[in-house]
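Inside the fold
Read off the chains here:
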Amino acid sequence: MLQPIAHYGIHLLAPLFVALVFYKNKWQQAFLIMLAGMLIDLDHLLATPIFDPNRCSIGFHPLHSSFAITFYLFLLIPKKSRLVALGLVIHILADLVDCALM
Ligand SMILES: [Zn+2]
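These lines cover the structure that appears in this document, whether it is placed above or below. What you see is a predicted model; the values in this text were computed from it and never measured.

**Things to note about the packing of helix α3 (residues 66-75) against helix α4 (residues 79-101)**
In contact at an axis separation of 8 Å, α3 and α4 are set at 140° when each is read in the N-to-C sense. Handedness of the α3/α4 crossing: left-handed. Contacts from Ile69, Tyr72, Leu73 and Leu75 in α3 reach Ser81, Arg82, Ala85, Leu88, Val89 and Ile92 in α4. A per-class count over the contact of α3 with α4 returns eight nonpolar, one polar and one charged.

Quick look at the structure:
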C-alpha cells in the first residue's frame with residue numbers, strides 16, 4: 001500500500017526540491033521541465049505486466065538501462081539539456097530508492 005505512494009512521492013518531491021533550491025526565480029518552469037523526466041516511465045508499457053511492484057525498473061526497462069543512464073549523465077553537461085537531464089537523473093535516483101526499499 002505504502003510503496004506506490006513512496007514511489008510517486010519521491011518522483012514529485014525531488015524535482016520540486018531541486019527547482020526551489022537551484023532555480024529560485026523560475027522554479028515553476030524548472031519543475032515542469034524536470035517532470036518531463038517522468039515520461040521515460042512510458043517504457044513500462046512495453047513490459048508485461050505493465051506495473052509490477054516487485055520488479056526493479058533499473059536495468060529492466062530500455063530507458064532505465066545503464067546505457068540510457070550514461071546518456072542522461074552526459075546530457076547534464078551542456079546547459080541547454082541540463083534541466084531535462086536533471087529530471088531524468090532524479091527519476092533514475094527515485095527508481096533506485098524504490099528498488100532499495102523492496
Ligand atoms: Zn522509472
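**Side note on the state of the cysteines**
Under the definition given, this model contains one disulfide. Across a sulfur-sulfur distance of 2.0 Å, Cys56 and Cys99 are joined as a disulfide pair. Residues Cys56 and Cys99 are joined by a disulfide whose S-S torsion is about 90°; by sign, that bridge is right-handed. Separated by 43 residues along the polypeptide, Cys56 in the loop between α2 (27-35) and α3 and Cys99 in helix α4 bring together distant segments of the chain. We classify Cys99 as buried; its relative accessible area is 18%.

**Some remarks on the nonpolar core**
Val18, Ala19, Tyr23, Ala30, Phe31, Met34, Leu83 and Ile90 form the largest nonpolar core, which has eight residues in total. Contributions of two or more residues to this core are made by α1 (2-22), α2 and α4. Sort the elements by how many residues they give to this core and α2 lands first, with three residues. With residues up to four places along the chain from it excluded, the contact list for Ala30 reads Ala19, Tyr23 and Leu83. Counting residues in hydrophobic clusters, the runner-up holds six residues, among them Ala68, Leu88, Val89 and Ile92.

**Some points on the coordination of the zinc ion**
Around the zinc ion, the protein contributes the donor atoms Asp41 (OD), His64 (NE2), His91 (NE2) and Asp95 (OD), at 2.0 to 2.3 Å from the metal centre. Every donor counted, the four donor atoms about the zinc ion form angles of 86 to 171° at the centre, which fits irregular coordination. Between consecutive donor residues of the zinc ion, the sequence gaps follow D-x22-H-x26-H-x3-D. Placement of His64 in the loop between α2 and α3 and of Asp95 in helix α4 is noted, with a sequence separation of 31 residues between them. Of the two residues, His64 and Asp95, both sit in the buried class.

**Quick notes on α4**
With 23 residues, α4 ought to run about 33 Å at 1.5 Å a step, and its terminal C-alpha atoms sit 33 Å apart, in line with that. In the structure, α4 departs most strongly from a straight axis at Ala85, where the bend amounts to approximately 30°.

**Describing a nonpolar patch on the surface**
Side chains of Phe17, Leu20, Val21 and Phe22 sit close together on the surface and give an oily, nonpolar patch of about 420 Å² of accessible area. When you line up the elements, Leu20 lands in helix α1. On the basis of relative accessible area, Leu20 is assigned to the partly exposed category, the value being 40%.

Parameters at a glance
Residues numbered from 1 in each chain as written. Predicted model: local features only at pLDDT ≥ 70, side-chain atom pairs only at ≥ 80, totals over all residues. Heavy atoms only, no water. Axes fitted to C-alpha atoms, helices over the stretch in contact; angles between N-to-C directions. Helix = DSSP H or I, 4+ residues; strand = E, 2+ residues; numbered from the N terminus. Left-handed = near helix turned anticlockwise from the far one by under 90°. Contact = heavy atoms within 4.5 Å. Nonpolar A, V, L, I, M, F, W, Y, C, P; charged D, E, K, R; others polar. Disulfide = S-S within 2.5 Å. Buried < 20%, exposed > 50% of the residue type's maximum accessible area, 1.4 Å probe, protein only. Core = buried A, V, L, I, M, F, W, Y, C linked by side-chain atoms within 4.5 Å. Donors = N, O, S within 2.8 Å, 3.2 Å for Na, K, Ca; no water. Tetrahedral: all angles 85-135°; square planar, octahedral: opposite > 155°, others 65-115°. Expected span 1.5 Å × (residues − 1). Bend = angle between axes of the 7 residues up to and from the residue. Patch = residues over 30% accessible without salt bridge, like charges linked within 9 Å, V, L, I, M, F, W, Y side chains within 5 Å. Areas by Shrake-Rupley, 256 points an atom, 1.4 Å probe, with all protein chains shown as cover. Salt bridge = Lys/Arg side-chain N within 4 Å of Asp/Glu carboxyl O.

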